[in-house]
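Report on the structure
Listed below, chain by chain, are the residues.
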Amino acid sequence: MTGYEIRIGLEIHVELATNTKIFCGCAVEFGAPPNSQCCPVCLGLPGSLPVLNRAAVEYAIRAALALNCTINLYSEFVRKNYFYPDLPKAFQITQDDKPLAVNGLLRYYLGDELMETQITRLHLEEEAGKSIHSGESIIGSEYTSVDYNRAGIPLAEIVTAPTMNSPAQARAFLEQLRLVLQYAGVSDCKMENGSLRCDANITVHPEPGMRVEKVEIKNLNSFRALERALAYEAERQVRVLERGGTVMPETRTWDERAQKTVRMRVKAGAPDYRYFPEPDLPPLELDAAWIEEIRSTLPELPLEKEARYQEAYGLSTYDTGVLVRAPQLAQVFEATVAQGRDPKFVANWVTGDYAHLARLGGTVSAEHFGQLLDMISSGAISAAQGKTVLQEMFARGVSPREFVAEMGFTVIADRDFLGKVIREVLTGHPELVERYCNGEDRLLGFFVGQVMKATNGRAEPRLVNKLLVEALAEGRNWQPRAE
Amino acid sequence: MKGLAQKLRTGQVTSVQLVQHYLDKIQADDPKVQAFLYVDWEGALAAARASDERRKLGKPLSPWDGIPIAVKDNICTVGMPTTCASRLLEDYYSPFDAAVIERIKRAGLPVLGKTNLDEFAMGSSTEYSAYHITHNPYDLSRVPGGSSGGSAAAVAAGLCPWALGSDTGGSIRQPAAFCGVVGLKPTYGRVSRWGLVALASSLDQIGPMGRTVEDVEILFSLIAGYDGRDSTSLPDAAYHCSASGPDTLAGLRLGVPEEFFGNGLCPEVAASVRRAITLMESLGAQVQPISLPHSAYAIDTYLTLVTAEASSNLARYDGVRYGKRVEADDAWDMFRKTRTKGFGPEVKRRIMLGTYVLTASHHEAYYEQARRVRSLITQDLEDAFAAVDVVVTPTTPTTAFRIGEKQDPLQMYLSDSYTATANLAGIPALTLPCGFDSRGLPIGIQLLADHFREDLLFRTGRLLERILGEVGE
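The structure displayed is predicted, hence computed values, not measured ones. (Residues numbered from 1 in each chain as written. Chains lettered and ligands numbered in written order. Predicted model: local features only at pLDDT ≥ 70, side-chain atom pairs only at ≥ 80, totals over all residues.)

A few words now on the overall build of chain A. Helix and strand counts for chain A come out as 15 helices and 16 strands. Taken over C-alpha atoms, the radius of gyration comes to 30 Å for chain A, far larger than the 23 Å a tight globule of 483 residues would show. Overall, the C-alpha framework of chain A stretches about 95 × 55 × 50 Å when taken along its three principal axes. In chain A, which comprises 483 residues, the proportion classed as buried is 38%. (Helix = DSSP H or I, 4+ residues; strand = E, 2+ residues; numbered from the N terminus. Rg over C-alpha atoms; globule rule 2.2 N^0.38 Å. Buried ≥ 20, exposed ≤ 12 C-beta atoms within 10 Å, placed from the backbone.)

Structural data, given as structure tokens:
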């Protein structure tokens, strides 16, 4: 692949998480029974007319601002005309040459390198219904059912400049885009539910800037699919070029099972959608003050947060990454640190046990979590006990103080008692003691574990460590008595 | 209508008697005129009984409670078919009432039935109805005009006291003129289009038709008003009937655009309209010649825009969700067969023309060009209304033509030459009868005013109507 320049552009559709559809008052709820969320407007019945949902515009503006776009105070809706059974009016209301927003920019990390990609435009449009074919596709299926619940859900279409140079970069871009839109609160961006969809176009240039035909790839339903499909396609195009062939301009689809791209259709000229201004909707004229109001409610975005965590708290790239990718963890982290706790200590617990348990379900308030951390850091309970307590906090919503008191959780730091336990452990494992004495230092961990187990995790680990090392040092001469 | 309202109020007549009278008349005469596509025999009487009940309780919904109405069949009505005179919607029942139907029901008006039109309102003679041709009550061998020919003929034949039509390029005014009745194309945005089956969304407007200017004004006051379901509805759309003003037109500046009196205008029509202008002058109006230089392009501009928008508006009739479906092997074949069988020739012609003018390679030369000329035409009228209050023209170049006479679609399109201008500019336009030609066919005169100046049209129209009645037609 050396010597070839890859250029990738993405076209992304995001379902905006408004309560109702873009041109009517129908509810939008994923998974509702088919055709239960429809009305004359979203079914395109004769005599029905669209009315623009202000919330959809607001969400699209939020998305555009989060992506550093310039908002056009004047934009227009147009009709894109084509026939398809799931398109109720046989045209889609969308935006063409006067879109809502242009000239955006998204920054993101590819490994350690900060990248940026231009966003050409963001516009607002309506979703079509959903076709469910009895066979593979509409051609050749015995029948096709259509669910119009989806018809009229507001969509933001986001188009990037074709400037990404690798499949990994495209993936990193899309992951960051999703995160930014989630931060902005405009969409849940679930690729598996189709609320975030992505088409890619890719060109492979034998020499930089050399004109070649564009291939579009559809059916990319996950980040992995995006990356793999682009990697496959780049290799395919290089193979074609190296054989002396020409890459045809075409639309290909990603076949998840076969893990390859397959030709859908050759582009014999662009389809003619006969765009014209939607006469049922006046142009969209926005008030600059409203846009500023929306801007003022935008939260801190991921990249800003990442920088702040590293600067203000000195967190590692790893911890920062985990926290920024999971806004609810970041929230717990900040609330817990805010009360003057050690950021690194808090971050370890949040990105470790807390994150793990949160993934399994449930939440624990920052207040309770802070109390738990305080008990651990003061040595009132051990870290091992802390883990158990946190599990109970997630499982049963208990308060850490009450739980610890109730269970009689305290740390055992009694040297005599621990010495006795240690002796029992060592006596029980004479061969291992011998091996340790012969230089296998790493067995120390095993003995620590046995002591902790024998004390139900209540032993103070640092003390156990110390006493064990002492006992074993003695024992380098110390031999278990033969019975 | 005020007389009828008076009789209902005093109990001289009941709504049931009134509705029965019109139903009898329909039964007797509609087989000849064929104005109706559907008559709601039982529903109309039930609504009349409910109206009489309200009267008895002293709680009429409006002074017009109980006076029935006929509705053009491209306006959605619950409980009656809404076919648009198309085979494609032969069995289509709308699940919702149009905004205007809600409004007339709130005023207590029983709906007699649905009137005939050219299929999807595309035509000027009602000959393009997929069901039957409507006949002009003045001469049954002639057309009533179109596309609201059913409503115009029904009013003229006395089958209903008033009716609703829709006007995209003249579809209320041209048939009103042909049938000797009064009709208004309101300011765009004053009457909600919610529930009007779209022909060309940027031009369509529902309007009232009746026997007198006063009746049309009353009906207009019932249907005008803001509606949040129509994004082109105007906030101050409501209209309140003007009190009867002075008996003169003193101070009224009346503009006569010479472009509307040129080639193609039948001399008898010209003479009749000029006579009406003289009468208005005698009432004190200051008549002055004006120029609307781009009006020669109005019909081409209109046809380009109406076909473009129609091709898109009618694309939804694909057989998937409602209406007739012709089964086929795959979806596209089904679309093709359904539309081939469901649409009549004029509809297909306009869809093809509209598709053509919107295709990428012709978009600029036709569609964009038409949009530019539309703004020039609008500018002409703005200039005119800086100088005059009302513009007066003939409504149509000729009187009603014979059924089957216009085989050439272009000839048919020309009957909208004088009316399309008002739709392009979005201004209100009133037509009223101003005389008869030598065959005894009615002639219409058209009054145009600036946006929202329906009041001027009604005041001028009432006085002209009265003086025409006094001097004899």
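Picking up where we left off.
Look at the link from Gly146 of chain B to Ser147 of chain B: it is a cis peptide, with omega at 10°. The residue Ser147 of chain B is located in the loop between β3 (111-115) and α5 (149-156) in this model. The residue Asn103 of chain A is not glycine, and still its phi comes out positive at about 55°. Along the chain, Asn103 of chain A falls in strand β6 (residues 101-110). At Cys84 of chain B, a position not held by glycine, the phi torsion is positive, near 55°. Following the sequence through the fold, Cys84 of chain B ends up in the loop between β2 (69-72) and α4 (99-106). Among the residues examined, Cys84 of chain B registers 33 C-beta atoms within 10 Å and is labelled buried.

All names here are of chain A. If you trace the nine strands from one edge of the open sheet to the other, you get β2-β6-β7-β10-β1-β11-β12-β13-β14, paired in mixed fashion. Edge strands, defined here as strands with exactly one partner in the open sheet, are β2 (70-71) and β14 (260-266). Alignment of strand β7 (residues 113-126) against strand β10 (residues 154-160), held across seven bridges, turns out to be antiparallel. Each bridged residue has a counterpart across the sheet, and for Glu126 the counterpart in β10 is Pro154. Packed on one face of the sheet, helix α3 (residues 223-242) meets β1 (5-15), β11 (196-205), β12 (215-220), β13 (250-255) and β14 and runs near 20° to β11. (Pairing = 2+ DSSP bridges. Contact = placed C-beta atoms within 7 Å. Axes fitted to C-alpha atoms, helices over the stretch in contact; angles between N-to-C directions.)

With that settled, the discussion passes to the pairing of β14 of chain A. Residues and elements named next belong to chain A. Looking at chain direction, β13 and β14 are connected through six bridges and run antiparallel. Following the sheet pairing, Thr251 is matched in β14 by Arg265. The antiparallel hairpin formed by β13 and β14 contains four residues in its connecting segment, where Gln259 sits at a positive phi of about 55°.

By themselves, these figures tell us nothing about what the structure is for.
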